[in-house]
Amino acid sequence: MTAPRSAPRTARARVRAQLTAEIVEVARAHLATSGAAQLSLRAVARELGMVSSAVYRYFPSRDDLLTALIVEGYDALGSAVEGAAASGSLQERWHAACAAARSWALAHPHEYALLYGSPVPGYQAPADTIAPAGRVAVVLAELVREGIASGELTPPPGDSAAVNTELVAELGLPVDTSVGSALVQAWSSLFGAISFELFGHTHNVVLDHERHFHQVVTRLAAEVGLSPG
């Protein structure tokens, strides 16, 4: 679920907000039947009983509608992960955060495919998508930062020169260790494991995906320096 927004104050604003939500909901359903590349404002308008020109007043282009779907997807995923990581030990929160990402993906495969599947031809994500896309990584970074502060996490030796050290510092992580690189590897490996399962790449290879995923997440925790227990 996305974070609740304040209710529009005027009747016109409320109608606009309701129609915008309906357009997005229908577009989300079209992801399952047609795929992101075939998303059509005309088809969405037709299903809603609207003329296409009316829909264009809410979303000037297909790309604007795709961006709305992408931001909503990232925000829903981020909220699920943030909620799961809210309490418990660092290990419990790490596992809960990663498990929440997997659970959301399995429950919303078409939205997940829009976020982490094949790029939509001709679409370039605007800057509006950057912050929502980073919410899961920020949760993992917060757990790492808390672990360093409490002494429960020992940053791996080395450096983070392979990644954006300004961003590593902005996240409150030491740049004179390899924890930044390890965190990026953990983040990408997390979604790699989820994607391989969701898109069928581990079919007939992994027999117990939940157990396998737990093992992957445990290894990733160790690689960022989080000790078990």
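All of these numbers come straight from a predicted model, not from anything done at the bench. (Residues numbered from 1 in each chain as written. Predicted model: local features only at pLDDT ≥ 70, side-chain atom pairs only at ≥ 80, totals over all residues. Heavy atoms only, no water.)

Description of the overall build of the chain
Under the convention used in this document: Numbering of helices and strands runs from the N terminus, with a helix taken as a DSSP run of H or I at least four residues long and a strand as a DSSP run of E at least two residues long. Throughout this description, buried means an accessible area under 20% of the type-specific maximum (1.4 Å probe, protein chains only), exposed means over 50%, and partly exposed covers the range between. Contact definition: two residues touch when any of their heavy atoms are within 4.5 Å.
On a plain count of helices and strands, the chain comes out with 11 helices and 0 strands. Projecting the C-alpha coordinates of the chain onto the three principal axes gives extents of approximately 60 × 45 × 30 Å. With 229 residues in all, the chain has 40% of them scored as buried. The contacts of the chain with a sequence gap of at least 6 include a subset with a gap of at least 24, amounting to 68%.

A closer look at the UniProt feature "DNA-binding region" (unreviewed entry) in the chain
Applied cut-off: UniProt positions are given in the numbering used here, feature names are shortened, and annotations may be inferred rather than shown by experiment.
The UniProt record marks residues 40-59 with the feature "DNA-binding region" (unreviewed entry), using the residue numbering of this structure. Between the first and last C-alpha atoms of residues 40-59 the distance is 11 Å; the span itself is 65% helix and 0% strand.

Brief notes about the UniProt feature "domain: HTH tetR-type" (unreviewed entry) in the chain
UniProt's feature table lists "domain: HTH tetR-type" (unreviewed entry) at residues 17-77, given in the numbering used throughout. Taken end to end, residues 17-77 comprises 75% helix and 0% strand; its first and last C-alpha atoms sit 22 Å apart.

Notes on the side chain of R135
Its location among the elements puts R135 in helix α8 (residues 135-150). Of the residues examined, R135 reaches a relative accessible area of 19% and is grouped as buried.

Some details on the packing of helix α4 (residues 62-84) against α8
Put simply, the test is: With axes taken as lines fitted to C-alpha atoms, and helix axes fitted only over the stretch in contact, angles between N-to-C directions fall between 0 and 180 degrees. By definition in this entry, angles of less than 35 degrees are roughly parallel, angles greater than 145 are roughly antiparallel, angles of 65 to 115 are roughly perpendicular, and the rest are oblique. Crossing handedness: left-handed means the near helix sits turned counterclockwise from the far one by under a right angle, and right-handed means the same turn made clockwise. In the scheme used here, Gly and all other residues not listed as nonpolar or charged are polar, with Ala, Val, Leu, Ile, Met, Phe, Trp, Tyr, Cys and Pro taken as nonpolar and Asp, Glu, Lys and Arg as charged.
Relative to each other, α4 and α8 sit at 20 degrees, their axes nearing to 8 Å. Taken as axis vectors, α4 and α8 run roughly parallel relative to one another. Here α4 runs over α8; the crossing is right-handed. Residues Y74, D75, L77, G78, S79, V81 and E82 of α4 lie in contact with α8, whose contacting residues are R135, V136 and V139. Grouping the amino acids of the contact of α4 with α8 by side-chain chemistry returns 5 nonpolar, 2 polar and 3 charged.

Thoughts on the pattern of salt bridges
Heads up, the condition is: Should a side-chain nitrogen of Lys or Arg be within 4 Å of a carboxyl oxygen of Asp or Glu, the pair is scored as a salt bridge.
Under the counting rule described, the total for this entry stands at 9 salt bridges. The closest approach of N and O atoms between R28 and E25, which form a salt bridge, is 2.5 Å. Note that R28 and E25 are positioned in helix α1 (residues 11-33) at a spacing of 3 residues, about one turn of the helix. By relative accessible area, which is 48% here, E25 ends up partly exposed. The salt bridge partner of E146 is R93, with a shortest N-O separation of 2.9 Å.

Side note on the packing of aromatic side chains
What counts is decided by this rule: For Phe, Tyr and Trp, where Trp contributes only its six-membered ring, two rings pair if their centres lie within 6.5 Å, and the inter-plane angle classes them as stacked under 30 degrees, edge-to-face over 60, or tilted in between.
For the structure shown, the criterion picks out 5 aromatic pairs. Where Y112 meets Y116, the ring centres are 4.9 Å apart and the plane angle is 35 degrees; that geometry is what we call tilted. Residue Y112 and its partner Y116 are located together in helix α6 (residues 109-116), separated by 4 residues, close to a single helical turn. Residue class for Y112 comes out buried when judged on its relative accessible area of 0%. Relative accessible area serves as the criterion here: at 23%, Y116 is assigned to the partly exposed category.

Looking at unusual backbone geometry
At N204, a residue that is not glycine, the phi angle is positive and equals roughly 65 degrees. Checked against the element boundaries, N204 lands in the loop between α10 (179-198) and α11 (209-223). Classification of N204 by relative accessible area gives exposed; the value is 67%.

Some thoughts on the layout of surface pockets
The condition is simple: Cavities and pockets were defined on a 1 Å grid built over protein atoms only: a cavity is a set of grid points that admits a 1.4 Å probe from which the probe cannot escape, a pocket is an open set flanked by protein on both sides within 12 Å along at least five of seven lines, and lining residues are those with an atom within 4 Å of any such point. Grid points are joined across faces, edges and corners, and a volume is the space filled by probe spheres set on the points.
Computed from the structure, the second largest pocket encloses a volume of approximately 330 Å³. Lining of the second largest pocket is provided by 16 residues; of these, A137, L167, L171, V184 and W187 occupy positions nearest its centre. Of all elements in the fold, only α7 (130-133), α8, α9 (165-170) and α10 reach the threshold of two or more residues within the lining of the second largest pocket. The dominant element in the lining of the second largest pocket, judged by the number of residues it contributes, is α10, at 4 residues.

Some remarks on the environment of L173
When you line up the elements, L173 lands in the loop between α9 and α10. Residue classification places L173 among the buried positions, given a relative accessible area of 5%. Between the C-alpha atom of L173 and that of T218, which follows or precedes it by 45 residues, the distance is 21 Å. Discounting chain neighbours no more than four positions away, the residues touching L173 are A141, V144, R145, I148, V168, V179 and L183.

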